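Results of the structural survey
Read off the chains here:
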Amino acid sequence: MKQQVVQIVEEAKKAFAGANSVKELDEARVRFLGKKGVLTVLLKNLGTLPPDQRPAAGQLVNQARKVIEDLLADRTQAVKIRERERTVQSQLLDISLPGVRYSRGHRHPVTQVMGRVLDIFRGLGFSVRTGPEVEKDYYNFEALNMPKDHPARDMQDTFYIDEDTVLRTHTSPVQIRTMELEKPPLRIVSPGRVYRHDYDVSHSPMFHQVEGFMVDEGIAFSDLKGVLAEFIHQFFGDVPVRFRPSFFPFTEPSAEVDMGCVMCRGKGCRVCSGTGWIEILGSGMIDPEVFRFVGHDSERYSGFAFGIGMERVAMLHFGIDDIRLLFENDIRFLKQF
């Protein structure tokens, strides 16, 4: 038995020494220490020995197992070091090669435009307020002078969550929420995402809007014209501005604001349909009914409100002809800005 055990240890030593990879070492381990390995078989055969010889024989086999395990551990460490060295040698880097350059991120075109718009209005004395995107029908419609049966609701294709809850169609509800909590004088702009069921080259089901309003004693239409003309001139430069009569249920009188086409400088092109003018925002004097909803005295206070679509401003500012490009996340397009 002793001679047999010594022979197994010698064979294991030679097998480990001849193994030049972790895979070959594992095959040698299975041969000597596995469930069907020679040492395991030897232990199972101890039952054939006389009872008085079994303890000594078992101890001898266990000692041999410990020696083989130690030999395997030492050789495994040496083989792993050698394999690592071979890998490093085969993958030597040419440090003279240029490194991999990662694209530098930057703000989305709409974010850039919105930041600049808010900066201009802050410079004109306006403060920023925000509100929820999931809005009550009351704030989105009723308090803005659009009761349940008002035909103006058909002007906006609304996403309804339930009968009394919608995805807001404009940021004008912030006007109501602010006037409920704060007393005039007020100069507020409210940026944010809004939602309408519309999708083509010039409309998106989700887009961004900045709504603003000013409320105080003695606010007149001339104040509205002055503020909006100043905004357009600061953002787009020296372009002509005109106001056209329009209709919005929460302002009276109401006006669409046009500016000279920034593409053709008023000469007429495809963008402005040959007119030389581009609609840029909607505005008007706040309807007295809106003041009634928030508990302000319309005999004492007056004000104006306006709404600007950020995607439209971005398209005009950067010369983009399809609004869908702003939402498709094509890096080739976005990295131009």
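For the structure, check the block above.
The paragraphs below set out a description of the structure included in this document.

Criteria and thresholds
Along each chain, residues carry numbers from 1 onward, in the same order as the chain's sequence is written. Reporting in this predicted model follows two pLDDT cut-offs: at least 70 for local features of residues, and 80 or more for side-chain atom pairs to be given and counted; totals over whole chains, interfaces and linings ignore these cut-offs and use all residues. Each side-chain value is derived from all of the structure's non-hydrogen atoms; neither hydrogens nor water enter the calculation. When DSSP finds at least two bridges between two strands, those strands are taken to pair. Runs of H or I in DSSP of at least four residues are treated as helices and runs of E of at least two as strands, each being numbered from the N terminus. The contact definition used throughout considers only heavy atoms, calling two residues in contact when any of these lie within 4.5 Å. Here, axes are lines fitted to C-alpha atoms. For helices the fit covers the stretch in contact, and angles between N-to-C directions go from 0 to 180 degrees. By this rule the span expected of a helix is its residue count minus one, scaled by 1.5 Å. For every residue, the accessible area (1.4 Å probe, protein chains only) is compared with the maximum for its type, and the residue is labelled buried under 20%, exposed over 50%, or partly exposed between those bounds. Note that the arc is defined by the directions from the helix axis to the C-beta atoms. The term polar contact refers here to a pair of N or O atoms within 3.5 Å; inside protein, the definition further demands a hydrogen-donor-capable atom paired with an acceptor-capable atom, and it admits residues adjacent in sequence only when both atoms are side-chain atoms. The rule is short: rings of Phe, Tyr and Trp, with Trp giving its six-membered ring, pair when the centres are within 6.5 Å, and they are stacked under 30 degrees, edge-to-face over 60, tilted in between. The rule is short: NZ of Lys or CZ of Arg within 6 Å of the ring centre and within 35 degrees of the ring normal puts a charge over the ring.

In a beta sheet, neighbouring strands are held together by backbone hydrogen bonds and run either parallel or antiparallel to one another. Judged by pairing direction, the sheet is mixed, and its seven strands sit side by side in the order β1-β5-β6-β10-β9-β8-β7 without closing on themselves. Lying at the two open borders of the sheet, with one neighbouring strand each, are β1 (127-128) and β7 (241-248). Two strands pair when backbone bridges link them, and strand β9 (residues 277-286) and strand β10 (residues 302-309) are joined in this way by four bridges, in the antiparallel orientation. Paired with Gly284 across the strands is Ala305, a residue of β10. On top of the sheet, helix α7 (residues 173-181) reaches β5 (186-195), β6 (206-216), β9 and β10; it is set at about 35° to β6, its chief contact.

Over its 12 residues, helix α2 (residues 22-33) extends 16 Å from the first C-alpha to the last, a length consistent with the 16 Å expected when each residue adds 1.5 Å. Looking only at α2, the buried set comprises Leu25, Ala28, Phe32 and Leu33. Down the axis of α2, the smallest arc covering the buried residues is 100°, so these residues share one side. Residues of α2 that are buried in the fold lie against α1 (2-18), α3 (38-44) and α4 (54-90).

Inspection of the secondary structure puts Arg244 in strand β7. Sequence spacing of Arg244 and Glu279 is 35 residues, and the spatial spacing of their C-alpha atoms is 9.6 Å. Leaving out residues up to four positions away in the same chain, Arg244 has contacts with Ser254, Ala255, Glu256, Asp258 and Glu279. At 2.4 Å, the side chain of Arg244 and the side chain of Asp258 are in polar contact.

The next subject is the packing of aromatic side chains. Scanning the model with the defined rule gives 13 aromatic pairs in all. Residues Phe248 and Phe250 carry aromatic rings whose centres are separated by 6.4 Å and whose planes lie at 25° to one another, so their mutual orientation is stacked. An identical accessibility class is assigned to Phe248 and Phe250; each is buried. Counting every residue linked through ring pairs, the aromatic cluster contains Phe121, Phe126, Phe231, Phe235, Phe236, Phe304 and Phe306. Just above the ring of Tyr139 sits the side chain of Arg177; from NZ or CZ to the centre is 4.0 Å. If you follow Arg292 out to its NZ or CZ, it ends over the ring of Phe293, 4.8 Å from the centre.

A word on unusual backbone geometry. Residue Pro185 is bonded to the preceding Pro184 through a cis peptide linkage, with omega at 5°. Considering the arrangement of structural elements, one finds Pro185 in the loop between α7 and β5. Residue Asn145 is not a glycine yet carries a positive backbone phi of 70°. Looking at the secondary structure, you find Asn145 in the loop between α6 (137-140) and β3 (160-162). In this structure Asn145 comes out as buried when scored by relative accessible area, which is 18%.

As summarised here, the arrangement of the three strands in space is β2-β4-β3, forming an open sheet in which the pairing is antiparallel. Where the open sheet ends on each side, the last strands, each with one partner, are β2 (134-136) and β3. Between one strand axis and the next, the sheet turns through 35° on average, direction left out of account. Pairing of β2 with strand β4 (residues 165-167), which is carried by three bridges, proceeds in the antiparallel orientation. In the sheet register, Lys136 faces β4, and the bridge partner there is Thr165.

Moving on, we come to helix α10 (residues 310-318). When we look at burial in α10, the residues that qualify are Met310, Glu311, Val313, Ala314, Met315 and Leu316. Against α5 (109-123), β6, α8 (221-236), β8 (251-260), β9 and β10 lie the buried residues of α10. Two residues or fewer after α10 comes Gly319, characterised by a positive phi angle close to 75°.

Next up on the list: the environment of Lys267. Examined against the element boundaries, Lys267 turns out to sit in the loop between β8 and β9. Once the C-alpha coordinates of Lys267 and Phe333 are considered, the two residues, 66 residues apart in sequence, prove to be 28 Å apart.

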